[in-house]
Structures are given as structure tokens and as C-alpha cells.
Amino acid sequence: MNKGPLALRTISEAADALGVPQHVLRFWETKFTFIRPTKRAGGRRFYRPQDIDLLQGIKTLLYDRGYTIRGVQKLFKEDGQKAILNPTGVGDAVATEQGLVSREEIAVEDAAGVGQPVFVRPDTVPTTGLSTEMRESFLNIAKALEDAQATLGRQIGKAGRRS
């Protein structure tokens, strides 16, 4: 039986929907006070659709955008739920650890090489303000970083099996 879009979800349903273990959701509740699932008799958690949306935003920021827990806390404190609910940017703004930044500011900072570096996923690179050479160079660097991360993961795995 499928639940409706407005139905409450148990922690196992929420964890499955987000693709994270249940203990991660419990941990996030301790770190992000704005996550407050409804608790029923026996302490059983039920997540509203808004809770699931917030959790998805947190997951995106932590897992895909490279934020730290403290970075997400700071983003929430400075910009509120709107930055968490739409971490890929709303309209002309992109959520960064420095707060919401317009796409033009990112392109200007990148082109001029000034200010704090802004992490942008390769598939979300703004095409305006970047030459084809610069975009290709960026994508090559991203690919090299992914390869290095995979190699490092294999090396750590081998070291862990030896002990």
C-alpha cells in the first residue's frame, strides 16, 4: 500500500527515501535542532513531508556539495530554511558556505580569481562567463579529483584489511 504525498513517514521509510541509515537521521536530529519529527507513544518518530524535504537538503549539502555539519548549521543560522530546502540554488542564488550568492558573483569571482573559492559541482558549472577552455579545464580537474578519491579509498580499504 502506497502512502499519499502528505502522509507521515516512519524513520525507516524516511531513511529509505533519503538513502541513508536510520542512525544517520537520529544523529542529524542532535546536530540540527530545526529537524523535529513528531514523536508518538513509545517515542516512535514520524516525519512530515517538510521534514523529509529538509533532510534531503541537508543530505545534498553534506554529501554532494561538500559542506561540514558546522557549515550547514551556519547556513541555516544566516539564511534560514530556504537555503536548506533548495541547496542547489533558487532562481539566481546558490547556497555556499558563505551564504546565498548570486550566480553572477560566482562567475565574477571565478573569472577574476578573487574572494573565497566557491565549490560548484561540475554539472552545475555556470556556462556564462566561462570560456570553453576554462570549462573543459574545470571538468578535467574534477575528473582527476574523483579518480584520486577512488584510488585513496582503495588504498585505505587495503590498509584496513591488513590490520
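Residues numbered from 1 in each chain as written. Predicted model: local features only at pLDDT ≥ 70, side-chain atom pairs only at ≥ 80, totals over all residues. Heavy atoms only, no water.

A. Main features of the packing of aromatic side chains. Within the structure shown, the criterion is met by three aromatic pairs. An angle of 70° between the planes, with centres 6.1 Å apart, marks the rings of Trp 28 and Tyr 63 as edge-to-face. Of this pair, Trp 28 sits in helix H2 (residues 22-31) while Tyr 63 is found in helix H3 (residues 49-64), placing the two residues 35 residues apart along the sequence. When the centroid spacing of 3.9 Å and the interplanar angle of 20° are considered together, the rings of Phe 34 and Phe 76 count as stacked. Here the residue Phe 34 occupies a position in the loop between H2 and strand E2 (38-39), and Phe 76 occupies one in helix H4 (residues 69-79), the gap between them amounting to 42 residues. What links up through ring pairs into an aromatic cluster is the set Phe 32, Phe 34 and Phe 76. We note Arg 40 situated over the ring of Phe 46; from NZ or CZ to the ring centre the distance is 5.4 Å. (Phe/Tyr/Trp six-rings, centres within 6.5 Å; stacked < 30°, edge-to-face > 60°. Helix = DSSP H or I, 4+ residues; strand = E, 2+ residues; numbered from the N terminus. Lys NZ or Arg CZ within 6 Å of the ring centre and 35° of its normal.)

B. Inspection of the environment of Tyr 63 at higher detail. Classification of Tyr 63 by relative accessible area gives partly exposed; the value is 46%. Leaving out residues up to four positions away in the same chain, Tyr 63 has contacts with Val 20, Val 24 and Trp 28. (Buried < 20%, exposed > 50% of the residue type's maximum accessible area, 1.4 Å probe, protein only. Contact = heavy atoms within 4.5 Å.)

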